[in-house]
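Residue-level structure breakdown
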Amino acid sequence: MNKIRELREQKDLSMIELGIKIGVSDAAICKWENGNHEPKASYIIKLADFFGCSTDELLGRENYGTGNIEIIGEKLASDESEILAVYRALNKDGKTAFLSMVKNLATLHNVGVKIG
């Protein structure tokens, strides 16, 4: 669970601070980061929500989001899947910036798609 440590350190949080944010003890965070225990699914979801990432990314899955993703019966092309994977890997601020950039690009190229 080195990803937890990496994401926690990116946010400049101590184990105590992260524990408070997701409702678990700092000892549990320490055990997760050191590989002594694995978090329950409910905590994996809380961590992913807090860090603004997918549970796949949090669990260290290298190929998350790189296959064809089916959305309402439609398969995405590999480049569309890659864009979605990048978006999902961003934190909240990154997602906001990404969407702004996409909206500007759509406007620049007169794409008639309403975004947000």
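1. Re the confidence of the model for the protein
- Mean pLDDT for the protein: 83, with 82% of residues reaching 70 or above.
- Confidence, expressed as mean pLDDT per element, reaches its minimum in the protein at strand β1 (residues 70–71) with 54 and its maximum at helix α2 (residues 15–22) with 95.

2. Description of the side chain of arginine 8
- Turning to its location among the elements, arginine 8 is positioned in helix α1 (residues 2–10).
- Leaving out residues up to four positions away in the same chain, arginine 8 has contacts with Leu13, Ser14, Met15, Leu18, Glu33 and Phe51.

3. A look at the packing of aromatic side chains
- All told, the structure shown has three aromatic pairs when counted by the stated rule.
- For the ring pair phenylalanine 50 and phenylalanine 51, a centre distance of 5.1 Å and an interplane angle of 75° mean the geometry is edge-to-face.
- Taking the relative accessible area as the measure of exposure, phenylalanine 50 reaches 26% and is therefore partly exposed.
- Taking the relative accessible area as the measure of exposure, phenylalanine 51 reaches 5% and is therefore buried.
- Seen in terms of ring centroids, tyrosine 87 and phenylalanine 98 are 5.7 Å apart; in terms of plane orientation they differ by 55°. Their pairing is tilted. Note that tyrosine 87 is positioned in helix α6 (residues 78–89) and phenylalanine 98 in helix α7 (residues 92–108), a separation of 11 residues in sequence.
- Under the relative-accessibility criterion, phenylalanine 98 is labelled buried at 17%.
- One residue, lysine 11, lies across the ring of phenylalanine 50, its end atom 5.5 Å from the ring centre.

About the cut-offs
Here, residues in each chain are numbered from 1, in the same order as that chain's written sequence. Whole-chain, interface and lining totals are the exception, using all residues; otherwise, since this is a predicted model, local features are given only for residues with pLDDT of at least 70 and side-chain atom pairs are given and counted only at 80 or more. With hydrogens and water stripped out, all remaining heavy atoms of the structure feed into the side-chain values. Values of pLDDT, which run from 0 to 100, indicate the predictor's confidence residue by residue. Numbering of helices and strands runs from the N terminus, with a helix taken as a DSSP run of H or I at least four residues long and a strand as a DSSP run of E at least two residues long. Contacts between residues were defined by any pair of non-hydrogen atoms, one from each residue, lying within 4.5 Å. Any two of the Phe, Tyr and Trp rings considered here, Trp counted by its six-membered ring, make a pair once their centres fall within 6.5 Å; the pair's planes then place it as stacked at under 30 degrees, edge-to-face at over 60, or tilted in between. Partly exposed describes any residue whose relative accessible area lies between the buried limit of under 20% and the exposed limit of over 50%, with all areas from a 1.4 Å probe on protein chains only and scaled to the type maximum. Cation placement over rings: the criterion is NZ of Lys or CZ of Arg within 6 Å of the ring centroid and within 35° of the ring normal.

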